[in-house]
Amino acid sequence: MPILPIVKLGHPALRTPAQPIPAEGIADPGLQALIDDMAATMAEARGVGLAAPQVGREIQLFVYGAPGPPEIPFRTVINPMLTPQPGELLYEWEGCLSIPDLRGLVPRHPAVRVQGLDREGRPLDYVASGFEARIVQHEFDHLNGVVYLDRMRDLRSLAYADELDRFLSREAPAPEETAVG
Ligand SMILES: [Zn+2]
């Protein structure tokens, strides 16, 4: 499976709302191959999520998953809609494969209901919580031209991962173990 180039901040696909995929287009071999290639690209980049705009495709599709810990089951999500569940926003370190090396503290809903379609075109409807909820919100934002920097409440936490590792490792989880998608 080919590894796809991941576009970086500045590429217009990261700032363009993605188009829904017609239900009859999901079985298209080209789309199925794209899903496989995105999964391989995400694994190669050691990310936990990857949205189609990050490989230059302005369509409503993302993949995510992680071997863990914590283990996050691998999923393909098409044409998603998110509904935040009640609960206070949580701040955790986040990074993005399209914004290499940087990390920032980003507020996210603790749980979200996810509705959409899987890669067979079957309906999805589930609640993601914790780390999975963070990944889903990050990837969903990519489908709307939004990156995590836009969600930060205070840019003073923006930092290079290697500096965070050196200065935070004694009292906080290593930023390398946080959501990067
Ligand atoms: Zn990202």
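So, here is what we can say about the structure in this document. Here the structure is a predicted model, which is why all the values come from computation and not from measurement.

This part is about the overall build of the protein chain. The number of helices and strands found in the protein chain is four helices and nine strands. Reading the secondary structure of the protein chain in the N-to-C direction produces α-β-β-β-β-β-β-β-α-α-β-α-β. Rg of the C-alpha trace for the protein chain: 16 Å, near the compact-globule value of 16 Å for 181 residues, within the 12% margin. Counting only C-alpha atoms, the protein chain reaches 50 × 35 × 30 Å along its principal axes. The long-range share in the protein chain, meaning contacts at least 24 apart out of those at least 6 apart in sequence, stands at 67%. Put simply, the protein chain shows about 9,100 Å² of open surface, and 55% of that area lies on carbon and sulfur atoms. Taking the average location of the 16 positive side-chain charges in the protein chain and that of its 25 negative ones, the two points are 3 Å from each other.

With that settled, the discussion passes to the sheet that holds strand β6 (residues 111–117). Whether parallel or antiparallel, the strands of a sheet pair through hydrogen bonds between backbone atoms. Ordered in space as β1-β2-β3-β6-β7, the five strands form an open sheet in which the pairing is antiparallel. The open sheet has two free edges, formed respectively by β1 (49–51) and β7 (123–129), since each of these has just one partner strand. Going from strand to strand, the sheet's axes swing by 40° on average, the running direction of each strand aside. Two elements, β1 and strand β2 (residues 61–66), share three bridges in a ladder whose sense is antiparallel. Paired with Leu50 across the two strands is Val63, which belongs to β2. Helix-sheet contacts for helix α1 (residues 29–44) involve β1, β2 and β3 (72–84), and the interaxial angle to β2 is about 40°.

Before going further, it helps to examine the coordination of the zinc ion. Only Cys96 (SG), His138 (NE2), His142 (NE2) and Gly181 (O) from the protein reach the zinc ion as donors, at distances of 2.0 to 2.6 Å. Around the zinc ion, the four donor atoms sit at angles spanning 94 to 127°, and that spread fits a shape best called tetrahedral. Considered as a linear motif, the donors of the zinc ion on their single chain read C-x41-H-x3-H-x38-G. Of this pair, His142 sits in helix α2 (residues 130–142) while Gly181 sits in the segment after β9 (179–180); the two residues are 39 residues apart in sequence, bridging distant segments of the chain. The two residues His142 and Gly181 agree in class, both being buried.

Rules behind the numbers
Residues numbered from 1 in each chain as written. Predicted model: local features only at pLDDT ≥ 70, side-chain atom pairs only at ≥ 80, totals over all residues. Heavy atoms only, no water. Helix = DSSP H or I, 4+ residues; strand = E, 2+ residues; numbered from the N terminus. Rg over C-alpha atoms; globule rule 2.2 N^0.38 Å. Contact = heavy atoms within 4.5 Å. Areas by Shrake-Rupley, 256 points an atom, 1.4 Å probe, with all protein chains shown as cover. Lys, Arg positive; Asp, Glu negative; His and termini not counted. Charge placed at Lys NZ, Arg CZ, Asp CG, Glu CD. Pairing = 2+ DSSP bridges. Axes fitted to C-alpha atoms, helices over the stretch in contact; angles between N-to-C directions. Donors = N, O, S within 2.8 Å, 3.2 Å for Na, K, Ca; no water. Tetrahedral: all angles 85-135°; square planar, octahedral: opposite > 155°, others 65-115°. Buried < 20%, exposed > 50% of the residue type's maximum accessible area, 1.4 Å probe, protein only.

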